[in-house]
Amino acid sequence: MKLGSKPGLSASAWRGLLVQAALAVLAALLVGELTGHIGVGLAAVLGALLLRQLYLLQRVLVWLQGDRVDLAPDAGGVWGDVIGLIMRLFRRKQYHKRRMRQLLRELRHSTAAIPDGVVMLNPAAEILWFNRSAGELLHLRNRGDVGLRIDNLVRRPEFVNYLREGDYRSPVVVQASDLSEQYLHFQIVPYGAGQLLLLVRDVTRQAQLEAMRKDFVANASHELRSPLTVIAGYLETLSQDEALEPGLSGPIQEMRRQALRMTAIVQDLLELSRLEAEGAVPRGEPIDIGALLAQLRDDLRSRKTLAVEVRLAAESTDRLVGEEAQIHSACANLLENAAKYTPTGGVITMRWWSDAQGGHLSVADTGIGIAPEHLPRLTERFYRVDAGRSRASGGSGLGLAIVKHVLQRHGGSLQIESEEGRGSTFSCHFPVSRLLPAA
Ligand code: ADP
């Protein structure tokens, strides 16, 4: 049968079959009438018809079981139509298969051309597929490594923790090996039924630039500290000099204030640099947060210029395990801000409590508050809602950046709620792993 023949069960084929059967039966009846054996004649004719259909059926079956679909039996009639239909289905399947193959090839070529590494992982984190860049960046072997767990091949602890913790909202940057200068940026994207797409990028250049920037800020701050101390010291002596011309007293006071502000900025920059250089606080000592806050409250109350009420609610006796100097600095910064931005008659409330989620520390004030559009940017360095006001009150613009870094180093997070004109609440949340019940 030709491949191009028209498919479909045609009426003429049916008619042909029926006419053939009717003629055969008629002939059988005629021969039977003449010979006197109608039954034998009919049985012989019907048997022959059945045999022919069985023979054709067998040929179709042999054809279907073979590999050569193009060598269809030339059956004609109804069987020809059936074969035509089967071939139509087959050609349609072939067409879709070809298209899928072509699509897959294009997909492969395009992912291979992506400069970023892409690794497909199953829910057990075993490698299903990876592109060329991923192979180069992670030193994966094409055949040998498919089916192996990715954390058996990429063993950096930061990456292994990232993969196992299952919180893939933010990426992680990892040094390729202890001796290597290379830094890799990993981002996991979950998809389908628990499958994971691992995206890898070489960020060595960005990491080097970032390190240079941090070094520069740390060195510049360090170098500025000594001359500033000398200038502030002399200005202090000068301002106390009784023989000073009256016209000079004002400018010298202002110079002293500005020198102190610069000293505060340099100190904050140095503190930030130190926080950035250190990794996460490994463990630290148990800190009595209630006592620390009480100390800060007393220091604040002893300020003569302050006209706000300071309250403390230490509801938990749990200790926070961490670096005391850093936690003290974070709390002091939050309290300093609350005092700075709360007008006379306001109230500042400090709270420490713990629950199933972990430890929580908050500093709430009834001050000027912050408009919602500023909230996401408050922890950026030198970001101020009102630069003039902040400078006038001696702010460096680095306080909240320091708080954020301290919390990150303790596995915690900062939450800011505020309403303009009504006040703000800065809450620090620490994980349960950082809590220790009081002895
Ligand atoms: P600054 O030294 O300027 O206070 P911070 O980083 O500590 O710098 O704070 C950034 C900005 O956030 C401040 O300039 C201020 O506008 C705003 N801010 C911080 N704390 C409060 C608060 N308790 N009430 C109102 N605004 C605040």
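Shown above is the structure to which this text applies.
A short tour of the structure in this document, coming up.

Cut-offs applied
Residues numbered from 1 in each chain as written. Predicted model: local features only at pLDDT ≥ 70, side-chain atom pairs only at ≥ 80, totals over all residues. Heavy atoms only, no water. Near = heavy atom within 4 Å. Polar contact = N/O pair within 3.5 Å; in protein donor to acceptor, adjacent residues only side chain to side chain. Areas by Shrake-Rupley, 256 points an atom, 1.4 Å probe, with all protein chains shown as cover. Helix = DSSP H or I, 4+ residues; strand = E, 2+ residues; numbered from the N terminus. Buried < 20%, exposed > 50% of the residue type's maximum accessible area, 1.4 Å probe, protein only. Pairing = 2+ DSSP bridges. Axes fitted to C-alpha atoms, helices over the stretch in contact; angles between N-to-C directions. Parallel < 35°, antiparallel > 145°, perpendicular 65-115°, else oblique. Left-handed = near helix turned anticlockwise from the far one by under 90°. Contact = heavy atoms within 4.5 Å. Nonpolar A, V, L, I, M, F, W, Y, C, P; charged D, E, K, R; others polar.

## Observations regarding the site of the ligand
Turning to step 1, where the next piece is worked out: Around the ligand sit 21 residues in total, of which N337, D365, S390, G397 and L400 are the nearest.
Turning to step 2, where the next piece is worked out: N337 places a polar side-chain atom, nitrogen or oxygen, 2.8 Å from an oxygen atom of the ligand.
Turning to step 3, where the next piece is worked out: In the model, an oxygen atom of the ligand is placed 3.2 Å from a nitrogen or oxygen of the V385 main chain.
Turning to step 4, where the next piece is worked out: With the chains in place, 98% of the 530 Å² that the ligand exposes on its own is no longer accessible.
Turning to step 5, where the next piece is worked out: Of all elements in the fold, only α10 (324-340), α12 (399-409) and β12 (423-431) reach the threshold of two or more residues within the shell around the ligand.
Turning to step 6, where the next piece is worked out: Sort the elements by how many residues they give to the shell around the ligand and α10 lands first, with three residues.

## Quick word on the environment of L34
Turning to step 1, where the next piece is worked out: Residue placement: L34 occurs in helix α1 (residues 11-35).
Turning to step 2, where the next piece is worked out: Judged by its relative accessible area of 75%, L34 falls in the exposed class.
Turning to step 3, where the next piece is worked out: Expressed as a C-alpha distance, the spacing of L34 and R384, which sit 350 residues apart in the sequence, is 118 Å.

## Describing the sheet that holds strand β6 (residues 285-287)
Turning to step 1, where the next piece is worked out: Across the sheet, which stays open at both edges, the three strands sit in the order β6-β8-β13 with antiparallel pairing between neighbours. The open sheet is flanked by β6 and β13 (435-436), the only strands paired with a single partner.
Turning to step 2, where the next piece is worked out: Examined bridge by bridge, β6 and strand β8 (residues 319-322) share three bridges and lie antiparallel to one another. Bridging from a neighbouring strand, P286 pairs with V321 of β8.

## Remarks on the sheet that holds β12
Turning to step 1, where the next piece is worked out: As summarised here, the arrangement of the five strands in space is β7-β9-β10-β12-β11, forming an open sheet in which the pairing is mixed. Two strands lie at the open edges of the sheet, namely β7 (309-314) and β11 (413-419), each paired on one side alone. Going from strand to strand, the sheet's axes swing by 10° on average, the running direction of each strand aside.
Turning to step 2, where the next piece is worked out: For strand β10 (residues 358-365) and β12, the ladder comprises eight bridges, and the chain directions are antiparallel. Bridge pairing in β12 places L361 opposite C428.

## Details of the packing of helix α2 (residues 38-65) against helix α3 (residues 77-113)
Turning to step 1, where the next piece is worked out: It is the contact of α2 with α3, at a shortest axis distance of 11 Å, that shows an interaxial angle of 15°. Comparing the axis directions of α2 and α3 gives the class roughly parallel. Note that α2 runs across α3; the crossing there is right-handed. Across from Q53, L56, L57, V60, W63 and L64 in α2, the residues of α3 making contact are W79, I83, I86 and M87.
Turning to step 2, where the next piece is worked out: Looking at the contact of α2 with α3 residue by residue, the classes come out as nine nonpolar, one polar and no charged.

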